[in-house]
Amino acid sequence: MSGFNVLDYFFWLLLIIAFVMEAWALVDSLTVPVNAYAAASKQSKKLWMIILIVATVVGAAYAVAPVALGASPIALLLGILPVAAFIAAAVYLADVRPAVGPYKKNNGGRGGSRQGPYGPW
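Model, not experiment: these values are computed from the prediction.

A.B. asks: I'd like a description of the nonpolar core, backed by residues and values.
C.D. replies: Counting 15 residues, the largest nonpolar core has Tyr-37, Tyr-92 and Val-100 as the members making the most contacts within it. When residues of this core are assigned to their parent elements, the largest contribution, five residues, is made by helix H5 (residues 80–100). Ignoring any residue separated from it by four or fewer positions in sequence, one finds Val-100 in contact with Val-32, Ala-36, Tyr-37 and Ala-40.

Dropping the structure here:
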């Protein structure tokens, strides 16, 4: 890592941020009941779990590669695998998560079913 310049650190930070987002999508998908995906007309929980596990593993591998292998973060970031992993997590967070959110058991830790837009009624 001693040969890294400022731009390398910036792109490495992007790889780390992508990994954090992929891990967030995976953890969030664990909190959603199985039936919520069908109720929201989305793909099955099993399929999303497989997609997000693979995305998180790929993201972790690419986030540690500059340190472990001394690879250039710019070259890693421009590969197809980290981009595909990021897109998979982004699709889950932007499309699936809002659709299945109302079906979550905990519903974000807020009160019961009598919930208004700004808190309990």
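A.B. asks: Outline helix H1 (residues 6–30), listing residues and values.
C.D. replies: Relative to the 36 Å expected for 25 residues at 1.5 Å per residue, H1 spans 37 Å between its end C-alpha atoms, a close match to the ideal helical length. Of the residues making up H1, those classed as buried are Asp-8, Phe-11, Trp-12, Leu-15, Ala-18, Met-21, Glu-22, Ala-25, Leu-26, Asp-28 and Ser-29.

A.B. asks: Summarise the packing of aromatic side chains; cite the residues concerned and give the values.
C.D. replies: Per the counting criterion, the structure on display carries three aromatic pairs. Ring centres of Tyr-9 and Trp-12 lie 6.4 Å apart, and the angle between their planes is 45°; this geometry places the pair in the tilted category. Taken as a pair, Tyr-9 and Trp-12 lie in helix H1 at a separation of three residues, close to a single helical turn. In this structure Tyr-9 comes out as partly exposed when scored by relative accessible area, which is 39%. Overall, the relative accessible area of 18% leaves Trp-12 in the buried class.

A.B. asks: Tell me about the environment of Ala-90, and name the residues and values.
C.D. replies: By the secondary structure assignment, Ala-90 is in helix H5. Accessibility expressed as a relative area gives 26% for Ala-90, which makes it partly exposed. Separated by 69 residues in sequence, Ala-90 and Met-21 place their C-alpha atoms 7.9 Å apart.

The rules behind the values
Residues numbered from 1 in each chain as written. Predicted model: local features only at pLDDT ≥ 70, side-chain atom pairs only at ≥ 80, totals over all residues. Heavy atoms only, no water. Core = buried A, V, L, I, M, F, W, Y, C linked by side-chain atoms within 4.5 Å. Buried < 20%, exposed > 50% of the residue type's maximum accessible area, 1.4 Å probe, protein only. Helix = DSSP H or I, 4+ residues; strand = E, 2+ residues; numbered from the N terminus. Contact = heavy atoms within 4.5 Å. Expected span 1.5 Å × (residues − 1). Phe/Tyr/Trp six-rings, centres within 6.5 Å; stacked < 30°, edge-to-face > 60°.

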